[in-house]
Amino acid sequence: MTREAAAEILNRIALLLELKGENPFKTRAYKMGAEIVESYAGDIMQLAAEEKLAGIKGIGDALRDKLHEMATTGKLEFYEKLKAEFPETLFELFEISGLGPKKIAALYTTLKVGSIADLKRVCESGEAAKISGFGDKTVAKILEGIAFREEHASEFRLDQVYALAQNILEALRGHPDVSRAEVCGSFRRGKEVVHDLDFLVSTKHPERVIGDFVKLPEVEKIIAQGGTKASVYASNGVQCDLRAVSSAEFPFALNYFTGSKEHNVMVRQRALDQGLSLNEYGFTVVGDHASTDMATVHEERDIYRTLGLDYIEPELRENTGEIEAAERGKLPRLIELENLRGVFHNHTTASDGKATLREMAEAARELGMQYLGIADHSKSSFQANGLHEDRLRAQIAEIRALNAEFDGHFHIFAGSEVDIHKDGTLDFDDGLLAELDYVVASVHSVFNLPEAEMTARIIRAIENPHVTMLGHVTGRLLAQRPAYAVNIPKIIDAAAANGTIIELNASAWRLDMDWRWWRLAKEKGVKCSINPDAHSTHGLQDVLFGVRAARKGWLTRSDVINCLPLGEVEEALRAKAKR
DNA sequence: GCCGTTTTCGGCCCGACTGTTTTCAGTCG
């Protein structure tokens, strides 16, 4: 059993125990256990199998035995019995915003609600509103939650599909009959969520490749299988499509299936204007334009060149002006992962992170970073074990000591992710903020303010001279929780006026600020910081998702503060502090 | 369920907000 599967089972046990009204500290122990299993540095399932789990904090006798059982038998009797008491679909209900274990338990015991379909029915029929503790507003909120979930049901975050896409791509590229393979579609365009994964291969033997594709270990169910294409569901529910074309067709098919549809329409129109018809198989000459120069097309780049355009990176293909820019040679040179020199906004065990300060520093160093910014939560974020003044001061001292140890080879910046209160004041006074190397200001409470009030609240924080950057501007959780109401253009103006950086939170759950706003921010002169918001050493790698989003927002390395080498970024932070 | 130790039970994380309620329960961060 994989560690992900084991962690999932522990999490589900926690949910079911909560439903049964178990001691909340017991359910928390299971949740903690799940987190440890997910993030443990080392092969925890191997250790579990060999009964070598002793001494891991948070894993006691009970969890140790359960992990051993899962690692050796592939299942857990305790869980099998527990889940047999409830319908399998019950877990869906926990995904509805506004519903917790108590309400779910009430719905289940009084009305036998065991699925979202049941839930919708009893809310609409008026039965739910009659349950003690429920009312019209509760029911309206639940229905809103259901609607949001339905609207986003087919969306997958990048953390859910990235490894899958890489694994399948690798398998395809390793196939003896495949000469070229790519992922196309919205994944290639760097969208923040995707609906499916589209793979493309060039081959002389499509039937062999397709036959092997549907037998990949990642494949759960075959939806369709033909001579040139196949569709399957992967085990995590993501639909994966494969198309096989010839080598000559490959660049055209790659371009076509990458989209976006709107971009394709514009490109085809441009081709027509030049007497060429473009489709997923190639160019054909139309009318009397027989003399058009049809350079041989080997790469996608050649298609654009034939049409008199610079190569347009996939992330830019949204028909938002990229074709005009390509025509005039004005496309930006997009940022690349390798351009990042360091990362700001990361957490440690001091608040809700899973790795210590030293572990985070070592991990960042191993990734080739020159510096690491720590920004643990501030005191108001109780749920995240936010730091009070004394603990923050102790952390600053710890960071200074570690830096002395690094002796210039690596640097840790002492920061804080300070809560923005409802009125726009910050969680620490200016004196303490001034002791820090930098400050990330974020909203973590009172999400439901009217837009004007929320905007004013955030602008007040931006105007605090100690605030270096603004954290996750809209608070959205992709496919789970909508953004709070906030006027982004006004936020951008305020950031520009105060020299405040805006974060591009690189967590696959957030990707916030959204890529659609970065061109405006860039025009106004606002700098971006691509922040992993890492809560573990592994989380540092989320910068990958952030870079994709930044590219989609037309950003170059000079727009992104953490592309600066150590000396220059120190200078930039000092300059901001002096303003 | 885990942890720690004044070695075996008692503590474990707090506050705001909302909606349902007449004093609080549930949810969220």
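Engineer: Mind showing me how you'd approach the overall build of chain A here?
Structural biologist: In terms of regular secondary structure, chain A is built from 23 helices and 16 strands. What you see for chain A is a C-alpha radius of gyration of 26 Å, in line with the 25 Å of a compact globule of 579 residues. The principal-axis extent of the C-alpha atoms belonging to chain A is close to 80 × 60 × 55 Å. The burial tally for chain A puts 51% of its 579 residues in the buried class. Put simply, 66% of the contacts in chain A that link residues at least 6 apart link residues at least 24 apart. For chain A, the accessible area works out to roughly 26300 Å², and carbon and sulfur atoms hold 50% of it. Charge separation in chain A, taken as the distance between the mean sites of 71 positive and 88 negative side-chain charges, equals 2 Å.

Engineer: What should I look at first to understand the layout of surface pockets in this one?
Structural biologist: If a probe the size of a water molecule is rolled over the atoms, the empty space left behind becomes visible. Estimated volume of the second largest pocket: approximately 590 Å³. Considering the residues around the second largest pocket, the lining is formed by 27 residues, among which Tyr 162, Arg 188, Glu 315, Arg 548 and Arg 551 are closest to the centre. Counting residues per element, the ones that place at least two in the lining of the second largest pocket are α9 (158–173), β2 (178–183), α10 (185–188), α12 (250–258) and α22 (543–552). Grouping the constituent residues of the lining of the second largest pocket by class yields 12 nonpolar, three polar and 12 charged.

Engineer: Could you clarify how one ought to interpret the sheet that holds β2 in this entry?
Structural biologist: Across a sheet, strands are paired by hydrogen bonds formed along the backbone, either parallel or antiparallel in direction. Spatial ordering of the open sheet is given by β2-β4-β7-β6-β5, a layout of five strands whose pairing is mixed. Of all the strands in the sheet, the pair left with one neighbour each is β2 and β5 (219–225). Each strand of the sheet is rotated relative to its neighbour by a mean of 20 degrees, with strand direction disregarded. Where β5 and strand β6 (residues 229–234) come together, five bridges link them in antiparallel fashion. By the bridge assignment for β6, Gln 225 is matched with Ala 230. Set on the sheet, helix α11 (residues 206–213) makes contact with β2, β4 (196–203), β5, β6 and β7 (239–245); between it and β7 the angle comes to about 165 degrees.

Engineer: Which parts of the structure should I look at to understand the domain arrangement of chain A?
Structural biologist: Assigned domains of chain A: these are domain 1 (3–147), domain 2 (156–247), domain 3 (252–328) and domain 4 (337–578). Its C-alpha centre places domain 1 at a distance of 32 Å from the equivalent point of domain 4.

Engineer: I would appreciate a short explanation of the protein's contact with DNA strand B in the present structure.
Structural biologist: The environment of DNA strand B is formed by 36 residues, the closest being Arg 28, Tyr 30, Gly 58, Asn 448 and Arg 481. In the interface set of DNA strand B, defined as its atoms within 4 Å of the protein, sugar plus phosphate atoms amount to 72%. Between DNA strand B and Lys 26, the relevant distance is 3.3 Å, taken from a phosphate oxygen to a side-chain nitrogen or oxygen of the residue. The contact in question runs from a phosphate oxygen of DNA strand B to an N or O atom on the side chain of Tyr 30, over 2.6 Å. Of all the secondary structure elements, the ones that give two or more residues to the surface near DNA strand B are α2 (24–39), α4 (61–73), α6 (101–111) and α8 (136–151). When residues of the surface near DNA strand B are assigned to their parent elements, the largest contribution, five residues, is made by α2. Taken together, the residues that form the surface near DNA strand B break down as 13 nonpolar, 12 polar and 11 charged.

Engineer: Could you clarify how one ought to interpret the confidence of the model for chain A in this entry?
Structural biologist: Any region with low pLDDT has predicted coordinates that should not be read closely. Taken as a whole, chain A shows an average pLDDT of 92; of its residues, 98% reach a score of 70 or greater. Of all secondary-structure elements in chain A, the lowest mean pLDDT belongs to strand β9 (residues 283–285), at 83, while strand β16 (residues 528–531) reaches the highest, 98.

Engineer: Please clarify how the nonpolar core should be interpreted in this entry.
Structural biologist: Considering soluble globular proteins, one finds that nonpolar side chains tend to be buried as a cluster. Ranked by internal contacts, the top residues of the largest apolar core, which has 99 residues, are Leu 197, Phe 213, Cys 240 and Ile 530. Both of domain 2 (156–247) and domain 4 (337–578) provide at least three residues apiece to this core. In this view, Leu 197 contacts Val 161, Leu 164, Ala 165, Val 183, Phe 187, Val 238, Gln 239, Cys 240 and Asp 241; residues no more than four positions away in its chain are not counted. Grouped together as the second largest cluster of nonpolar side chains are 48 residues, Leu 67, Leu 76, Phe 86 and Ala 106 included.

Engineer: Would you explain the sheet that holds strand β15 (residues 501–505) in this entry?
Structural biologist: Pairing is parallel across the open sheet formed by seven strands, whose spatial order is β10-β11-β12-β13-β14-β15-β16. Either end of the sheet is taken by a strand with one partner, and the two such strands are β10 (342–343) and β16. In terms of strand pairing, β10 meets strand β11 (residues 371–377) through two bridges, oriented parallel. Across the sheet, the residue bridging to Val 343 is Leu 372, located in β11. Helix-sheet contacts for helix α16 (residues 357–366) involve β11 and β12 (411–419), and the interaxial angle to β11 is about 145 degrees.

Engineer: Please clarify how the side chain of Arg 189 should be interpreted in this entry.
Structural biologist: Mapped onto the fold, Arg 189 is located in the loop between α10 and β3 (193–194). Every residue in contact with Arg 189, bar those within four places of it in the chain, is listed here: Thr 258, Gly 259, Ser 260, Pro 314, Glu 315, Arg 317, Glu 318 and Lys 552.

Engineer: What exactly am I supposed to notice about empty space enclosed by the protein here?
Structural biologist: Evaluated as defined, the whole model comprises two cavities of 30 Å³ or more. Here the largest cavity is characterised by a volume of approximately 60 Å³. As for the largest cavity, its lining consists of Phe 252, Asn 255, Tyr 256, Asn 264, Arg 268, Leu 278, Asn 279 and Glu 280. Counting residues per element, the ones that place at least two in the lining of the largest cavity are α12 and α13 (261–273). At three residues, α12 tops the list of elements feeding residues into the lining of the largest cavity. By volume, the second largest cavity amounts to about 30 Å³. Lining of the second largest cavity is provided by Ile 420, Ala 441, Ser 442, Val 443, Ile 458, Leu 470, Gly 471, His 472, Val 473 and Tyr 484. Considered class by class, the residues forming the lining of the second largest cavity number seven nonpolar, three polar and no charged.

Engineer: Sorry if this is basic, but what is going on with the pattern of salt bridges here?
Structural biologist: It is possible for side chains bearing opposite charge to pair when their charged atoms get close. Counted under the stated rule, the structure contains 35 salt bridges. Glu 95 is the partner of Arg 149 in a salt bridge, and the nearest nitrogen-oxygen pair spans 2.8 Å. Remark: Glu 95 occurs in the loop between α5 (77–83) and α6 and Arg 149 occurs in helix α8; sequence separation between them is 54 residues. In this structure Glu 95 comes out as partly exposed when scored by relative accessible area, which is 47%. Among the salt bridges present, the one from Glu 182 reaches Arg 173, with a minimum N-O distance of 3.2 Å. Residue Arg 173 is classed as partly exposed on the basis of its relative accessible area, which comes to 45%.

Engineer: Where do I start with α6 in this structure?
Structural biologist: Counting along an α-helix, one turn takes 3.6 residues, and residues three or four places apart therefore face a common direction. Turning to α6, its buried residues are Ile 104, Ala 105, Ala 106, Leu 107 and Tyr 108. Of the surrounding secondary structure, the elements contacted by the buried residues of α6 are α1 (3–19) and α7 (116–125). At the C-terminal side of α6, Lys 112 shows a positive phi close to 60 degrees.

Conventions and cut-offs
Residues numbered from 1 in each chain as written. Chains lettered and ligands numbered in written order. Predicted model: local features only at pLDDT ≥ 70, side-chain atom pairs only at ≥ 80, totals over all residues. Heavy atoms only, no water. Helix = DSSP H or I, 4+ residues; strand = E, 2+ residues; numbered from the N terminus. Rg over C-alpha atoms; globule rule 2.2 N^0.38 Å. Buried < 20%, exposed > 50% of the residue type's maximum accessible area, 1.4 Å probe, protein only. Contact = heavy atoms within 4.5 Å. Areas by Shrake-Rupley, 256 points an atom, 1.4 Å probe, with all protein chains shown as cover. Lys, Arg positive; Asp, Glu negative; His and termini not counted. Charge placed at Lys NZ, Arg CZ, Asp CG, Glu CD. 1 Å grid on protein atoms, 1.4 Å probe; cavity = no way out; pocket = protein on both sides within 12 Å on 5 of 7 lines; lining within 4 Å. Points joined across faces, edges and corners; volume = space filled by probe spheres on them. Nonpolar A, V, L, I, M, F, W, Y, C, P; charged D, E, K, R; others polar. Pairing = 2+ DSSP bridges. Axes fitted to C-alpha atoms, helices over the stretch in contact; angles between N-to-C directions. Domains from an automatic or database assignment. Near = heavy atom within 4 Å. Polar contact = N/O pair within 3.5 Å; in protein donor to acceptor, adjacent residues only side chain to side chain. pLDDT = per-residue confidence, 0-100. Core = buried A, V, L, I, M, F, W, Y, C linked by side-chain atoms within 4.5 Å. Salt bridge = Lys/Arg side-chain N within 4 Å of Asp/Glu carboxyl O.

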